[in-house]
Amino acid sequence: MLTLTDISLQFAGDLLYKHVDLIFQPDHCYGIIGANGAGKSTLLRIISGELAPTTGSVSMRKEDRMSVLEQDHFKYDAFPVMDTVIMGNRRLYDIMKEKDALYAKPDFSDADGERAAELEGEFAEMNGWDAETEVAQLLNGIGIPTGLHYAQMASLDGRQKVKVLLAQALFGHPNIILLDEPTNGLDVESTEWLEDFLVDCDAIVIVVSHDRHFLNAVCTNIVDVDHETCKMYAGNYDFWYESSTLMQQLIRNQNKKREEKIKDLQEFIRRFSANKSKSRQATSRKKVLDSIQLEQMPASSRKYPFVGFEPEREAGKDILFVDGLSKTIDGVKVLDNVTFTIKKGDKIFIVGHGDKIAFVGDNEAGATALFRILVGELNPDEGNFRWGVTISQSYFPKDNTRFFQDFDGTLIEWLSQFSHDTTETYLRGFLGRMLFSGDDVYKPAKVLSGGEKVRCMLSRLMMSKANALILDQPTDHLDLESITALSNGLQAYPGNLFFASHDHQFIDEIANRIIEFPLGKPGCLDYEGNFEDFLQWKRGRA
């Protein structure tokens, strides 16, 4: 068991939270949620002991071992992959190295022999002889091929390092696992493997993530960091979100009898606690949901942006024709003879009016290259494309640096560059949708955080009134509330949508057609349907 007692933290003169009392149990996975800047990662640092709270204490059993996902991707560049993962259990790693040093001594003494015997006993108790086998299983599961298991960390690319560090955090059956954004940089297959691993894990798992699909798959409980406090609730993220919405409605309806409210609550819980999975965590989740009371339901005061896209003109029959596009970037052919058609009434490669296409897979550079070609920022090496005559496009790039770095004005002045109507009232309307109100609109555009810049870019996109939107990784830097609002807005959007994203649930909620550009292969995979069906279809082809 892990206990937080009367935790308070003042940070840079501001009170981040106060009087936090939480108890974390084995066989449970806790998702920490909250707006950007609320203190989610800071709470993990307090739990791990990296940061001392202003008041209060963190306690755990002396025999329990805590493992933390390392955020410094270059920390282990001097070590082999195998050693890096084993360092997840530092005591085991130190024993291995001390043993090796003793046995390598040319003048091995009786004292050395006694010490080696002690180390061998402790090594065996810690299942040291199975360590490399466990490491290999973790690395293979997370997507690191066997040929890299003894490579130097410095030789790995960024995504591979993320996977190795994740394997390190999971190695050696720790009792407490702290994971800060563990799905960042993971492909779909690796994320699914991680979900399965955590669902069957009997440790205390505490995770910060903006991936709703991941939180829904693994969490038995949600810890909401909001308004200077942290409260724990039963259920996964969807349960927290929908139940907090329900509770707001019940609170507003003061005339409704308590018995009727409890009846509504019980019906709601019945739907969520019906779980076909036999996993430990699903069972734990059902137990806590079955025992929940009305007073334990979340009533969040969290604010959600409003995202709504309204095309100025309805699109005609012809949307987009792409024929034989190829592009090589830095010696890698990221697009190879790509052809697809978006046309109303087409019976073969079809999509009808208002198609919403997700570009997925490991070939991120291919999706970005295609988007830049479609908006005229990049020329293809081969092939051509043609937009329909009625189509107007607006582009949300993955890297928005060029939109802000040389601009010295305020936020409202920044937005006015992209508007036909430059009155403050009109511009405030779009900024207000994205939670910029009052004097916020006079902040210098250069000092905005990553999440604030993305919300500004979304305000710009809403003002465009285009009937075809192109979005490259739009959920990067956004908190869960903003991701939910963006998803709702894009689902309601009546125009055509082209987007790339790592967010499983975001893709599944929006897309009705999936296109993937496999690296090293010509053409593309083109599937009509949602993301879950696409993954099932792809597994069937393997």
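Residues numbered from 1 in each chain as written. Predicted model: local features only at pLDDT ≥ 70, side-chain atom pairs only at ≥ 80, totals over all residues. Heavy atoms only, no water.

1. Focus on the pattern of salt bridges
Note that side chains of opposite charge can pair when their charged atoms are close.
1) Next: Overall, the coordinates contain 25 salt bridges when judged by the stated rule.
2) Next: Notably, a salt bridge pairs Arg-45 with Glu-50, separated by 3.4 Å at the nearest N-O pair.
3) Next: Arg-45 gets classed as partly exposed once you look at its relative accessible area, which sits at 30%.
4) Next: When the shortest N-O distance is used, the salt bridge between Arg-212 and Glu-509 registers 3.1 Å. Placement of Arg-212 in helix H8 (residues 212–218) and of Glu-509 in helix H18 (residues 504–510) is noted, with a sequence separation of 297 residues between them.
5) Next: Each of Arg-61, Glu-63 and Asp-64 takes part in salt bridges that share partners, so that together they form one network. (Salt bridge = Lys/Arg side-chain N within 4 Å of Asp/Glu carboxyl O. Buried < 20%, exposed > 50% of the residue type's maximum accessible area, 1.4 Å probe, protein only. Helix = DSSP H or I, 4+ residues; strand = E, 2+ residues; numbered from the N terminus.)

2. Here's the deal with helix H7 (residues 188–199)
1) Next: Along its 12 residues, H7 runs 16 Å from first to last C-alpha, staying within 8% of the 16 Å computed at 1.5 Å per residue.
2) Next: Here H7 starts with a cap whose side-chain oxygen sits 3.3 Å from the backbone nitrogen of Glu-189, and that cap is Asp-187. (Expected span 1.5 Å × (residues − 1). Polar contact = N/O pair within 3.5 Å; in protein donor to acceptor, adjacent residues only side chain to side chain.)

3. Some points on the packing of helix H5 (residues 131–142) against helix H6 (residues 158–170)
1) Next: Running from amino to carboxyl end, H5 crosses H6 at an angle of 135°, the nearest separation of the two axes being 9 Å. Accordingly, the angle class assigned to the pair H5 and H6 is oblique. Crossing geometry of H5 relative to H6 is assigned as right-handed. Contacts from Glu-134, Leu-138, Leu-139 and Ile-142 in H5 reach Lys-163, Val-164, Leu-166, Ala-167 and Leu-170 in H6.
2) Next: Within the contact of H5 with H6, the residues separate by chemical class into 7 nonpolar, no polar and 2 charged. (Axes fitted to C-alpha atoms, helices over the stretch in contact; angles between N-to-C directions. Parallel < 35°, antiparallel > 145°, perpendicular 65-115°, else oblique. Left-handed = near helix turned anticlockwise from the far one by under 90°. Contact = heavy atoms within 4.5 Å. Nonpolar A, V, L, I, M, F, W, Y, C, P; charged D, E, K, R; others polar.)

4. With respect to unusual backbone geometry
1) Next: Phi at His-173 takes a positive value of approximately 55°, unusual for a residue other than glycine.
2) Next: Looking at the secondary structure, you find His-173 in the loop between H6 and strand S6 (176–180).
3) Next: In this structure His-173 comes out as exposed when scored by relative accessible area, which is 66%.
4) Next: Its identity as a non-glycine residue notwithstanding, Lys-465 has a phi of 55°, on the positive side.
5) Next: The partly exposed category is assigned to Lys-465, whose relative accessible area is 25%.

5. Overview of the side chain of Thr-410
1) Next: Within the fold, Thr-410 resides in the loop between helix H13 (401–404) and helix H14 (411–416).
2) Next: Once residues lying within four places of it in the same chain are set aside, the contact partners of Thr-410 are Val-441, Tyr-442, Lys-443, Pro-444 and Ala-445.

6. Re the packing of aromatic side chains
1) Next: What the rule picks out here adds up to 19 aromatic pairs.
2) Next: Between Tyr-426 and Phe-430, the aromatic rings sit 5.2 Å apart at their centres with planes inclined by 65°, giving edge-to-face as the arrangement. In this pair, Tyr-426 and Phe-430 both sit in helix H15 (residues 424–433), 4 residues apart, roughly one turn of the helix.
3) Next: Given a relative accessible area of 7%, Phe-430 falls into the buried group.
4) Next: Between Phe-534 and Trp-537 the ring centres are 5.9 Å apart and the planes differ by 40°, which places this aromatic pair in the tilted class. Here Phe-534 and its partner Trp-537 are both found in helix H19 (residues 531–541), 3 residues apart, which amounts to about one turn of the helix.
5) Next: Using a relative accessible area of 28% as the deciding quantity, one classes Trp-537 as partly exposed.
6) Next: Taken together through their ring pairs, the aromatic side chains of Tyr-237, Trp-240, Tyr-241 and Tyr-304 make up a single cluster.
7) Next: Lying across the ring of Phe-123, Lys-99 places its NZ or CZ 4.1 Å from the centre. (Phe/Tyr/Trp six-rings, centres within 6.5 Å; stacked < 30°, edge-to-face > 60°. Lys NZ or Arg CZ within 6 Å of the ring centre and 35° of its normal.)

7. Notes on the pairing of strand S3 (residues 28–33)
1) Next: Across the 6 residues of S3, 6 count as buried, placing the element largely inside the fold.
2) Next: Burial along S3 is two-sided: the residues His-28, Tyr-30 and Ile-32 and Cys-29, Gly-31 and Ile-33 are all buried.
3) Next: Examined bridge by bridge, S3 and strand S7 (residues 204–208) share 5 bridges and lie parallel to one another. Its bridge partner lying in S7, Cys-29 is registered against Val-205. (Pairing = 2+ DSSP bridges.)

8. Comments concerning the state of the cysteines
1) Next: Under the defined criterion, the tally for this structure stands at 0 disulfides.
2) Next: For the unlinked cysteine Cys-29, the closest cysteine sulfur is that of Cys-219, found at 4.2 Å.
3) Next: For Cys-29, a relative accessible area of 0% puts it in the buried group. (Disulfide = S-S within 2.5 Å.)

9. A closer look at H5
1) Next: Here H5 spans 17 Å end to end across 12 residues, near enough to the 16 Å set by a 1.5 Å rise per residue.
2) Next: Turning to H5, its buried residues number three or more, namely Ala-131, Glu-134, Val-135, Leu-138, Leu-139 and Ile-142. Relative to the axis of H5, the buried residues are bounded by an arc of 130° and lie together on one face.
3) Next: Of the surrounding secondary structure, the elements contacted by the buried residues of H5 are helix H2 (81–86), helix H3 (90–103), H6 and H7.
4) Next: The positive-phi residue at the C-terminal boundary of H5 is Gly-143, with phi of around 105°. (Arc of directions from axis to C-beta.)

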